[in-house]
Structures are given as structure tokens and as C-alpha cells.
Amino acid sequence: MIENVSSLFNGRLNILVNNLGTNIRKPTTEYFAEEYSKLITIDFESAYHLCQLAHPLLKASGVGSIVFISSVAGLIHIGNGSIYGPTKAAINQLTKNLACEWVKDNIRTNCAAPWYIRTSLVEHLLKKKRINGKNNFSNPS
């Protein structure tokens, strides 16, 4: 994938948006090792490794920018599973680490941490008036 991007954009990449995430909602004691690994891989490791691969192209652009899409779940407990929140907290910290480490390469990193984003993965939750006992701000009716 990075080879294709490099070829299309003459070895440069101005922006990388890491918008990854999936979830399995269940009590902590009910997760299997495979589910843990799947969530860690999709929600954190994929963004981490994509940044590593994209670094040379972002650096070559002279004005590289990485935008991570995290979640409020990485900042506070919102009752959506004990693995998802920590993966998003890891994204938040990775954003800070790369901001400090890659500033010398003129690569800037930022992170947005929204509430639920309307996707097919959470549509059934957003139809409810309340999520985990809290008001659903995406659907205030």
C-alpha cells in the first residue's frame, strides 16, 4: 500500500488520517484472548505501524501531518468494554509521542476524540435515547 502511495504522489505524503476502530462490548471477564488481540491489533497496532511505514513519505513532503481519530473512551469510562478505551488512550499517547519525536522531521500530529460516530457498527446504539445510562448526545430526541 505504501509503495502505491509513494508511486502516486512522487514519494511524498502530506497527510495521513488514522481512523481505525472496532469493538466487542462485553464484561472484562468474558473476553477471549483472540478478541483482545483483534481489538489491540485493529484499534492501535495498525495505526502505529502505518505511521512507521508512512514516516519517510511524510518527512519527504516537508509539511507532513498525521491526524488520529481516537474516542472519548480513551479519556473517560463510557461503559463500552475494557479493551476499546485503553486502545484509544494508547492512540492519544502515541499522538503526543510522535508530536515530540517527529517535529524535527516537520511532521505534525493531532488527535480528535469524538463521542460515537454514526457508522453501521454503532447505529443500533445511537437509536437508543440513552447509552449505558448516559444521555445519547448524538440523538437527543
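The structure under discussion appears in the preceding block.
Residues numbered from 1 in each chain as written. Predicted model: local features only at pLDDT ≥ 70, side-chain atom pairs only at ≥ 80, totals over all residues. Heavy atoms only, no water.

**Re the overall build of the protein**
Across its full length, the protein carries 4 helices and 5 strands. Order of helices (α) and strands (β) in the protein, N terminus to C terminus: α-β-α-β-α-β-α-β-β. Within the protein, the proportion of its 141 residues that are buried is 37%. Look at the contacts in the protein between residues 6 or more apart in sequence, and 65% of them connect residues 24 or more apart. In the structure as shown, the protein presents an accessible area of about 8400 Å², 58% of it carried by carbon and sulfur atoms. (Helix = DSSP H or I, 4+ residues; strand = E, 2+ residues; numbered from the N terminus. Buried < 20%, exposed > 50% of the residue type's maximum accessible area, 1.4 Å probe, protein only. Contact = heavy atoms within 4.5 Å. Areas by Shrake-Rupley, 256 points an atom, 1.4 Å probe, with all protein chains shown as cover.)

**A few points about the sheet that holds strand E3 (residues 107-112)**
Taken in spatial order, the 3 strands of this open sheet run E1-E2-E3, and their pairing is parallel. At either end of the open sheet lies a strand with only one pairing partner, and these are strand E1 (15-18) and E3. Within this sheet the neighbouring strands show an average axis-to-axis angle of 15°, counted without direction. Strand direction decides the pairing type here: strand E2 (residues 64-69) and E3, joined by 6 bridges, are parallel. Among the inter-strand pairings, Ile-66 is bridged to a residue of E3, identified as Thr-109. Across the sheet, helix H3 (residues 84-101) is in contact with E2 and E3; its angle to E3 comes to roughly 155°. (Pairing = 2+ DSSP bridges. Axes fitted to C-alpha atoms, helices over the stretch in contact; angles between N-to-C directions.)

**As for the pairing of E1**
Here E1 shows one buried face, formed by Leu-16 and Asn-18, and one open face, formed by Ile-15 and Val-17. The pairing of E1 with E2 spans 4 bridges and is classified as parallel. Across the sheet, the residue bridging to Leu-16 is Ile-66, located in E2. Note on the crossover from E1 through helix H2 (residues 33-61) to E2: the handedness is right-handed. (Right-handed = clockwise from strand over helix to strand, strands pointing away.)

**Observations concerning the side chain of Ser-71**
Within the fold, Ser-71 resides in the loop between E2 and H3. A residue is classified by how much of its surface remains accessible, and Ser-71, at 6% relative accessible area, is buried. A polar atom in the side chain of Ser-71 sits 2.9 Å from the backbone nitrogen of Ala-73. Among all residues touching Ser-71, those that are not within four sequence positions of it are Tyr-84, Lys-88, Ala-112, Ala-113 and Pro-114. (Polar contact = N/O pair within 3.5 Å; in protein donor to acceptor, adjacent residues only side chain to side chain.)

**Focus on the packing of aromatic side chains**
With the rule as written, the count across this model stands at 1 aromatic pair. Summarising the aromatic geometry, the rings of Phe-44 and Tyr-48 are spaced 5.9 Å apart at their centres and angled 40° between planes, so their arrangement reads as tilted. Of this pair, Phe-44 and Tyr-48 both sit in helix H2, 4 residues apart, which is roughly one turn of the helix. (Phe/Tyr/Trp six-rings, centres within 6.5 Å; stacked < 30°, edge-to-face > 60°.)

**Here we look at the pattern of salt bridges**
Inspection of the entire model under this criterion finds 3 salt bridges. Of the charged contacts in the structure, one is a salt bridge between Lys-26 and Glu-35, with a shortest N-O distance of 2.9 Å. Relative accessible area serves as the criterion here: at 17%, Glu-35 is assigned to the buried category. Note that Lys-59 and Asp-105 form a salt bridge whose closest N and O atoms lie 3.6 Å from each other. Of this pair, Lys-59 sits in helix H2 while Asp-105 sits in the loop between H3 and E3, and the two are 46 residues apart along the sequence. Relative accessible area serves as the criterion here: at 9%, Asp-105 is assigned to the buried category. If you follow the salt bridges from partner to partner, you end up with Lys-59, Lys-104 and Asp-105 in one network. (Salt bridge = Lys/Arg side-chain N within 4 Å of Asp/Glu carboxyl O.)

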